[in-house]
Each structure stands twice: as structure tokens, then as C-alpha cells.
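One letter stands for each residue in the lines below.
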Amino acid sequence: MTMTELTALMESDQKTTEEKLRLLKKVRVNLMDELHGRQQQVDQVDYLIYQLQAGKKNTKVRGGD
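Fair warning: this is a prediction, and the values are worked out from it, not measured in the lab.

(A) Spotlight on the overall build of the chain. Within the chain one finds 2 helices and 0 strands. For the chain, the exposed area adds up to about 6,100 Å²; of that, 54% sits on carbon and sulfur atoms.

This is the structure we're talking about:
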């Protein structure tokens, strides 16, 4: 759901305040899950950068996706 769709839904009278809050909290949890996954990927890339800069001789890549 896009921010435009969320904003439109929040401004409509189709849902109760409780339903809107429940939906927003669910969207927030999903966004945080995505953010956490991306942060893990950034951490892995940072580790590879560190390995290349620090070692430059033994650059075996550790597991990961």
C-alpha cells in the first residue's frame, strides 16, 4: 500500500479509528521488517568492504545471500 493510498484511507470515513490504527500498525511492522532486512544486507556489504580494506590478501567471502 502506497503512502498516497494510506493517506486517502485515513481521510475517508470507510473505516473506524480503531480499524485505521490497526492497519497503520500492521503497515509499520511490515516496513520495519523490510528495514531490518535491508540493514542486514548493508551490514554484510560493510563487512566485505572491511575485509577488502583490512586484509587485501585473504578475501574469502563469508556466507550470505
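(B) Broad picture of helix α2 (residues 17–54). The terminal C-alpha atoms of α2, which comprises 38 residues, lie 54 Å apart, in line with the 56 Å expected from a rise of 1.5 Å per residue. Turning to α2, its buried residues number three or more, namely Lys20, Val27 and Gln51. Elements in contact with the buried residues of α2: α1 (3–11). Lys56, located one to two residues past α2, shows a positive phi value of around 50°.

(C) Layout of the packing of aromatic side chains. Here the structure, examined in full by the defined rule, presents 1 aromatic pair. Judged by centre distance (6.5 Å) and plane angle (40°), the ring pair of Tyr47 and Tyr50 falls under tilted. Residue Tyr47 and its partner Tyr50 are located together in helix α2, separated by 3 residues, close to a single helical turn.

(D) Looking closely at the side chain of Lys20. Checked against the element boundaries, Lys20 lands in helix α2. One buried charge, Lys20, has no salt-bridge partner; the nearest side chain with opposite charge is Asp13, at 5.0 Å. There is a polar contact of 2.7 Å between the side chain of Lys20 and the backbone oxygen of Ser12. Apart from the residues lying within four places of it in its own chain, the contact partners of Lys20 are Leu9, Met10, Ser12 and Lys15.

About the cut-offs
- Residues numbered from 1 in each chain as written.
- Predicted model: local features only at pLDDT ≥ 70, side-chain atom pairs only at ≥ 80, totals over all residues.
- Heavy atoms only, no water.
- Helix = DSSP H or I, 4+ residues; strand = E, 2+ residues; numbered from the N terminus.
- Areas by Shrake-Rupley, 256 points an atom, 1.4 Å probe, with all protein chains shown as cover.
- Expected span 1.5 Å × (residues − 1).
- Buried < 20%, exposed > 50% of the residue type's maximum accessible area, 1.4 Å probe, protein only.
- Contact = heavy atoms within 4.5 Å.
- Phe/Tyr/Trp six-rings, centres within 6.5 Å; stacked < 30°, edge-to-face > 60°.
- Lys, Arg positive; Asp, Glu negative; His and termini not counted.
- Salt bridge = Lys/Arg side-chain N within 4 Å of Asp/Glu carboxyl O.
- Polar contact = N/O pair within 3.5 Å; in protein donor to acceptor, adjacent residues only side chain to side chain.

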